[in-house]
Every structure is written in structure tokens, then in C-alpha cells.
Amino acid sequence: MRILNLKDHLRTNSLDINRHIFSNSNCTTSNCTKRNSHKMMMENGISMEYGDGYMEQEEEWEREGLLDPAWEKQQKKTFTAWCNSHLRKAGTAIDNIEEDFRNGLKLMLLLEVISGETLPKPDRGKMRFHKIANVNKALDFIASKGVHLVSIGAEEIVDGNLKMTLGMIWTIILRFAIQDISVEEMTAKEGLLLWCQRKTAPYKNVNVQNFHLSFKDGLAFCALIHRHRPDLIDYAKLSKDNPLENLNTAFDVAEKYLDIPRMLDPDDLINTPKPDERAIMTYVSCYYHAFQGAQQVGNVTHVPEPTRQYTYVPNNYNAETAANRICKVLKVNQENERLMEEYERLASDLLEWIRRTMPWLNSRQADNSLAGVQKKLEEYRTYRRKHKPPRVEQKAKLETNFNTLQTKLRLSNRPAYLPTEGKTVSDISNAWKGLELAEKAFEEWLLAETMRLERLEHLAQKFKHKADAHEDWTRGKEEMLQSQDFRQCKLNELKALKKKHEAFESDLAAHQDRVEQIAAIAQELNTLEYHDCVSVNARCQRICDQWDRLGALTQRRRTALDEAERILEKIDILHLEFAKRAAPFNNWLDGTREDLVDMFIVHTMEEIQGLIQAHDQFKATLGEADKEFNLIVNLVREVESIVKQHQIPGGLENPYTTLTANDMTRKWTDVRQLVPQRDQTLANELRKQQNNEMLRRQFAEKANVVGPWIERQMDAVTAIGMGLQGSLEDQLHRLKEYEQAVYAYKPNIEELEKIHQAVQESMIFENRYTNYTMETLRVGWEQLLTSINRNINEVENQILTRDSKGISQEQLNEFRSSFNHFDKNRTGRLTPEEFKSCLVSLGYSIGKDRQGDMDFQRILAVVDPNSTGYVHFDAFLDFMTRESTDTDTAEQVIDSFRILAADKPYILPDELRRELPPDQAEYCIQRMPPYKGPNGVPGALDYMSFSTALYGETDL
């Protein structure tokens, strides 16, 4: 019975649950130990309400089989719906909570969905031990999250024990749906309850104090929805007398619009004296998560997950908890006192401001002028726009703070706050109403006074407005009519001024009515004895006097404009005639000057003679040009005479052209001076072309002799280089004779260079008397010298090769004949294909198979080691010489060393010193690499590698 009583007390007073448990001095040692263990659970991740006693007592109650059947039914339905709300994310659901979790598969799937983590792979067998293994994996995962499962084993879940299954699901809900709820440092159940209280505080007939009876009529659910989504429920139409309708409305809206499944049965809630607290908490937590989302109300504290199982905690932990609770209570009390002091301060400040403002609003004094009343009205508007809005916010903040304070006092079981006398909310409201009434009366008085003075000022303003408009129109008009600006104008500008004056005359006539209206209004103001009639009369007199002056000045300006127009028209005719004649004559002058100073480039006598003939024809036209020039100048002189007579500023400027008489005179003078200069230039060019013609002939005569001589010498040297005539000594002798002859001929080249230098200095670029140029002759001369030297060098090398290798003259002739036969272009070199054909013609057998290609490539690598793609005669001769004579090879040298080494694959230094001269023996010892083959001895040398390296080979 002690456990049942404690449970009833917990359900009716959830906010004081910790204090009740920890202050129970009659608890046994085992109970205290268990409570301390649950206290450790609270710190390791389980919500504090349930860790302190709620879960402990209900677990004991359930083990005794005392769960209320009505609550069991509600829990079963609610927990099933909660599980399905998560399992549907994985595309599955459960129908029977005690049956569908028996094999552990859907239980593991549920934990994976709500945690976002992956559990160990389940066993797929259908045996009992497979099911137990799966459930144990799920329970181990729950325990890994810091939840201590009391008396819940896998066997009970597999056996379908409904009470254990519901207890396990409730543990999961606590851990993953309720534990992290935190409002103002209150965790889990207390935080969720405080959240509900705050959200439903403004709604009538809703007083959430627990999670059973407070939700029975359905209004609390509807209030939570309406607070966050007022568009979904019309709360004003709900009644506390229709709980079934209220519950169905809330459940239907939550399911349809908030994606919260229907977890509770309205009939069960209504017909059960005390609905199941767990079921309602589970359902309400869905509302919390749906509405709060990632932004929790209050200061949400996420408690870290537990890292160890629950153990016994020393008794001093209760003292620490008690101290924490005291600090919490004191903190709430300090906050409440701060709010009270702030309320008193704001109330005093607001009431004082109202007291100071009222005399100003009640004042009705004015200076009886519209400006004074308007000033007061502007001051009132400034007051409404700048001074009052902060006070409105202050009043609203005052009321908000008062309501917040009262709510906090009520939630913390403190007595309601009663402000100081005269500073209650009603006192402030009454003072504020008095202020608003004074404002209304003051504003009405200001508007009425303004209308009265506006009627009085209307007529004066009308006079002022018309007088201002007239004076604005007349401002500057007298100065404009007296201006002599037309004397500075051109004809088109003068005509525009005349049109503008005609428009002014029309406008002047139209303004006659306005002047008469101004005089009539002034007369009316005098009749009505306006207080400022003196200034009105003075202003009216000034307007009338000015009007008379404007009429006289208008007529005078009209006469002056007509006379100026006549004179400018005559000048304009003369300007136009000048422009018509000056333009083509100026173009002729410009073209003529360009022609006379134009740079010309000629290369022949015919070209310069053509230019001289064209210039003579031009000089014949200068007489007519002189007559046209005099006519144009006379037009300008006539204009200058008229401008000087009538003193017309700017009259000499011609609007039709930018040309002037000075331009024409200057250009005509230039032409007359350039004509004799052009005569002299053409004469000089004629003499220059005559001299150039002489230089061309001199160069051609010499070049036509030197060029053929170089070509003949080149052919002769080439013929000798072919090696087809005489012995090598004869060829060498003849080549040296040609060399001496060429050097003896060099003065002719030098003479030709001097003539060419004169040709270049005279800028002569072509010569029709010869096909030779100095560049081609220089190249030919250098090629001749190069060919002679190259052939001399080749013949000397051939003689050296012949003498050193013992080759006969007949063999050399044969090699040269074969090489020349395939050197069809006489370039002194053969391509690989030509070289291959030459070898075949000399008796070499080169197969057309792959082996033949490899043999030819080895030969080609010898004669063309740099891979130039060509075989020169020297390389060809060297190769043929080596092929035709008996020479030492690497194999022969190796055989010789093998004899000295007594058939060993290596040789010793002593053997070398014994068989070879000392210097040669030391040479071999220093350069032979150590022997690294089998059966070697210390100091053995590798004579085979040494011999191969002597002939540039890499292997044998």
C-alpha cells in the first residue's frame, strides 16, 4: 500500500516529486540506495522526473501485476500508434504490440529509425534463441544509451508479456522522445508540463496541472494547436461541455495537418476516471516536437548520454541536490523581485510623465494668428509622433512584465504581486485614459481654431498668391526689354528674338486681367479692414506702376528689332555668296598645295618626264584662278564696310562657312610660291635619274662578266670533286690551281662591290640591264671558295686513307664511281635508300627480310652515327676501307688476352707485368674493371670488358 500511495501522490503532484522522495525520512536503506541509483540515472541521461521516483515506483507496481486495465488499454493503443508513426518511415507497422515485437526484428528496426543509428545484424532464424538474441541486441542498444532497464529481460518480451513490453516501450519513449525536453532548466516531465502551461495560459477553461485530468475535456489539446496554428481550429466555438467533440477535433486536426497519428481514444479518456499519464505524455510530446522543432522554448539543455551503469551514490549526493534545489528556488525568487522593482520603476516614470503632460494639453492660450496655432498643432503632432510612442511601448512593457511576473509567481506557488498604492494596473489605465481624453479635447480645439483663422486669412492669401504669381512673371521683364542683346545676335538669332518678343506681347495682353484682379482684391481687403492693409496697398501700387513701364518698353524694343533685322539680312546675303564661291576655290587651293608639296618616288626617266609635263599643264590654269580669288576678296571687303558703319558685333563671322578672306589669301600666296619650288624639285629629280641610269649600266656591264666566270669555275671544281679524272694527286694539284686563280680574281669582286655601294646610296632597287644582283654574286663567290676548300680536304683525306689502309687507286675510283652514280643530284651525300643500293652494287648481300634490315641498320649506325639521315662520301669511304682491309677486332684482342691468361676468364696484374711492357701493363691494370664472374680470385681483372670497350662495343 505504501507504493500505491506514493504513486498516487506522484501523479497528482509531479512538480514536487523530487522533494517528496528525497525528504522522506522513513525510507529504508535499500530504498535510499535505489533512489540514489536513480539519481545517478538522472545525471547520466534519463530525465530527472522519472529518474527520481516515477519510473522506480511504477516498475515495482507493474511487477506486482497491479496495472489498471483501463490504463493498460490506453497505453497499448498509444504506444502502438507511437511506434507506427516511426515504423512507417521504414515502410512497415505493427498491429499487436505484445506479438509483433516478440522476434525482435521490428523492435531493432524501430530503434534504428528513432535513433538514426545502425544496430548489429539481426538473426533471421525462427527459433526461440534467435528471437531472444535479437531482443537482447535491442536491449543492449537501449542500455548503451544510458537507460537502466529494471527487471525487463529478453525472455519476457519474446514470451509476449504485455506489461514488460509496455514498460520497455515507455522506456524507449522516455529516452528518445521526452528526455531531451527542457524548459527553463526543468527537464522531461516538468519541462513538458511547463511548456503546456505557458502555451495554454491565455485560453479560458484550460488549466494544465498534470497529464491526466487536465487533458480530459480536450480543450488543452485544442489550445496547443490553436496557439501555434490558429488557422486550423476556431477555439471560440469550443465548449468545455463537449469533451468528445473537443477531443475528436484536436485528434483529427493533428492527424490531418500536423502528421501526428491518433494515439488516444476519446471515449477511453472521457469514460476513465483518471486517464493514463504515460499515454497522454507520449501524445503531448508529439505536439511539442511538432511545434518546437529545432527551436525549443526556453533554455533547452541537452543532457549528455550516460557513459556508465547506475551505481550506489554516497549520501552527500542528497545534500548536493538539496543545495541545488535551494539555489534554484532563490534564483526564481531573485528574478521575481527584479521584475517587481522594474514594474515599480516603470510605473512611477510613466505616471510622472502623464502628470507633466496634462497641463500642456489643457492649455487654450494662443496669439490669435494662424502661424501660432499651426505651431501649436505641429508641436502636438511631434508629441504624438515622437514623445508618446515610447510611452505606449513603456505601458505595454509594464503590462507584459506584470502578467509575466504574476504567471511566474503562480507557477512557483508564490502569492500574487500587489503593486504600491496608486501604481496598480488599474491606476495606470485610468491615468492613461485621462491622458487620451485630454489629447482628444486639445486636438479638437486646435483644429477648430485653425479653421477659424484660415477663413480669416483666406482672402489675404489669395491676394498674396496672385501678387506673387504676377511678380514672378514680371521679374526680369524690364531688364529684358531694355537689353541690347539683339545687337550681338546673328540673323537667325535675331529672328528668334523677334518671335520671342511677339509672344511676349501676347502674354502681356493676357496678363492685363490678372492686374485688374489684384487691384480688385486689394480694394476688397481695404473694405473689410484687413489688419495689414498698409502692406497690401503698397504692393498693389508697385504692381500698377510697373505695368505702365512694361507697355512703353515693349513698343520701343519692337522698333529696334525691325531695324536690326534689315541690316543683318543684307550682310547674310553677302556671306552666303562668299560661302558658295569660297568652298570650291578653297578645295582647289588645298588640292593644288598638296600636289605641289607631294613627295614623289620615281625610278625611271619616263616617270620623271611624265611629272614635268603634268606640272607645265597646271601652270597654264593659274590666270583664271587669280580672277576668282579677287572676286571672293571683294565680297569680304563689302561686308567689312557695312559692319563698320553700323557697329555690328560679330557681323564679320560667316554662318555658312568657316573660311575667311585671310585663309584664301594665305593659301593663294602659298600656291604661287610653291610653283617655282616644284619646278626646281622636278629638275633635280631629272638629274638624279640620269645619274642612276649611268650606275645601272656600269653595274650591269661588270656583273655580266663576273657572274658567268663564277659559274664556270664552280662547274670545273665540281667536276674535279667527282673524282673521275686522274689520280688523287692530280686532282689535288688542279684544285689548288683553281684556288689560286679564284683568289687572283678577287679584285674584280671588290670593284663590283664599290659600284654596288654607289647603287645602294642612290636608292636604286632594280636593274633591267642584268639578272645578277650583288647578293647572288656574293653567295656564288663564297660557295666557290667553300667548294674548293671542301674538295681539297676530301682529296687529302682520301690520299691519307689510301696510304694508311693500302687501298689501290682503282678501288678508290670504283668507290667514287659507285657513290657518284647514286648521288644523282650531285649533293655529295646519299639517302639511306641510295646508300643501300650503292652497297648492293658493290657486291654486298643485304636480305629483304627482317635480318637484312637489322644488318643494314647496324651499318647505317656506323656511317651515320648522328642520325642525320644522310651518308657523306668520307663516311662511305671510311666504311668501305675498313671492309676492304684486314684490321684488328675486339675478338682478336680478347683471344690474345686469353692466351696470356692461360685460358682463364680473367687475368692477374702479375701476368700483365710479366708479358707486357711496364707502361702498357700499368695502363691495362688501371683501366681494367675487377672480374666479377665465377671462380674469381682476389685482384682478378676482366680483360673481356676492357677489350670490348676499346672498340666501342657493349657486348661480344
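Thresholds, definitions, all that
Residues numbered from 1 in each chain as written. Predicted model: local features only at pLDDT ≥ 70, side-chain atom pairs only at ≥ 80, totals over all residues. Heavy atoms only, no water. Helix = DSSP H or I, 4+ residues; strand = E, 2+ residues; numbered from the N terminus. Buried < 20%, exposed > 50% of the residue type's maximum accessible area, 1.4 Å probe, protein only. Contact = heavy atoms within 4.5 Å. Areas by Shrake-Rupley, 256 points an atom, 1.4 Å probe, with all protein chains shown as cover. UniProt positions renumbered as here; feature names shortened; annotations may be inferred. Core = buried A, V, L, I, M, F, W, Y, C linked by side-chain atoms within 4.5 Å. Salt bridge = Lys/Arg side-chain N within 4 Å of Asp/Glu carboxyl O. Phe/Tyr/Trp six-rings, centres within 6.5 Å; stacked < 30°, edge-to-face > 60°. Lys NZ or Arg CZ within 6 Å of the ring centre and 35° of its normal. Axes fitted to C-alpha atoms, helices over the stretch in contact; angles between N-to-C directions. Parallel < 35°, antiparallel > 145°, perpendicular 65-115°, else oblique. Nonpolar A, V, L, I, M, F, W, Y, C, P; charged D, E, K, R; others polar. pLDDT = per-residue confidence, 0-100.

Undergrad: Outline the overall build of the protein, listing residues and values.
TA: Counting its regular elements, the protein contains 36 helices and four strands. Of all 956 residues assigned to the protein, the portion counted as buried reaches 42%. Taking contacts inside the protein between residues at least 6 apart in sequence as the whole, the part at least 24 apart equals 73%. Accessible surface, the protein as shown: approximately 52000 Å² in total, 51% of it carbon and sulfur.

Undergrad: Any chance you could break down the UniProt feature "coiled-coil region" (unreviewed entry) in the protein for me, citing the residues and the numbers?
TA: In this numbering, the UniProt entry assigns the feature "coiled-coil region" (unreviewed entry) to residues 329–356 and 487–514. Annotation note: span residues 487–514, helix share 82%, strand share 0%, distance between end C-alpha atoms 33 Å.

Undergrad: Please set out the nonpolar core residue by residue, giving values where relevant.
TA: Grouped together as the largest cluster of nonpolar side chains are 78 residues, with contacts concentrated most on W82, F215, F221, I225 and Y287. Examining the composition of this core, we find that 11 residues originate from one element, helix α10 (residues 162–178), more than from any other. Not counting chain neighbours up to four residues away, the residues in contact with F215 comprise C196, V208, N210, A220, F221, L224, L247, I280 and V284. Core analysis: the second largest hydrophobic core is formed by 28 residues, V706, L735, W781 and L784 among them.

Undergrad: Can you lay out the pattern of salt bridges for me, pointing to particular residues and giving the numbers?
TA: Oppositely charged side chains can pair when the atoms bearing their charge come close. Here the structure, examined in full by the defined rule, presents 58 salt bridges. Of the charged contacts in the structure, one is a salt bridge between D268 and K73, with a shortest N-O distance of 3.5 Å. Residue D268 is located in helix α14 (residues 266–271), and its partner K73 is located in helix α5 (residues 69–87); the two are separated by 195 residues in the primary sequence. On the basis of relative accessible area, D268 is assigned to the buried category, the value being 13%. Residue classification places K73 among the exposed residues on the basis of a relative accessible area of 52%. Put simply, K495 and E565 hold a salt bridge, and the shortest N to O gap is 3.0 Å. Residue K495 is found in helix α20 (residues 491–510), and its partner E565 is found in helix α22 (residues 533–597); the two are separated by 70 residues along the sequence. The class for K495 is partly exposed, based on a relative accessible area of 34%.

Undergrad: How would you explain the packing of aromatic side chains if you had to name every residue and give the values?
TA: For any pair of aromatic rings, geometry is given as the distance between the ring centres together with the angle between the planes. In total, this model carries 31 aromatic pairs according to the counting rule given. On the numbers, 5.7 Å between centres and 65 degrees between planes, the contact of Y380 with F442 is edge-to-face. Here the residue Y380 occupies a position in helix α17 (residues 370–411), and F442 occupies one in helix α18 (residues 425–474), the gap between them amounting to 62 residues. By the burial criterion, Y380 is buried, and F442 matches it. Grouping aromatic residues by their ring pairs yields a cluster made of F211, F215, F221, F251, Y283, Y287 and F291. In this arrangement the basic side chain of R175 is found over the ring face of F176, its NZ or CZ atom lying 5.2 Å from the centre. The cationic tip of K477 hangs over the ring face of W473; the distance from NZ or CZ to the ring centre is 5.0 Å.

Undergrad: Describe the packing of helix α12 (residues 219–228) against helix α15 (residues 277–292), with residues and values.
TA: Two elements in contact, α12 and α15, have axes separated by 11 Å at closest approach and are oriented at 5 degrees. With respect to α15, the element α12 is oriented roughly parallel. From α12, F221, L224, I225 and H228 reach across to α15, where they touch I280, Y283, V284, Y287, F291 and Q292. A breakdown of the residues in the contact of α12 with α15 according to their chemical character gives eight nonpolar, two polar and no charged.

Undergrad: Which residues make up the confidence of the model for the protein, and what are the values?
TA: Residues with a pLDDT of 70 or more make up 85% of the protein, whose mean pLDDT is 79. The secondary structure element of the protein with the lowest average pLDDT is helix α2 (residues 17–22), at 32, and the one with the highest is α12, at 92. In the predicted structure, residues 1–66 sits below a pLDDT of 50 and forms 138 contacts with residues beyond four places in sequence or in another chain.

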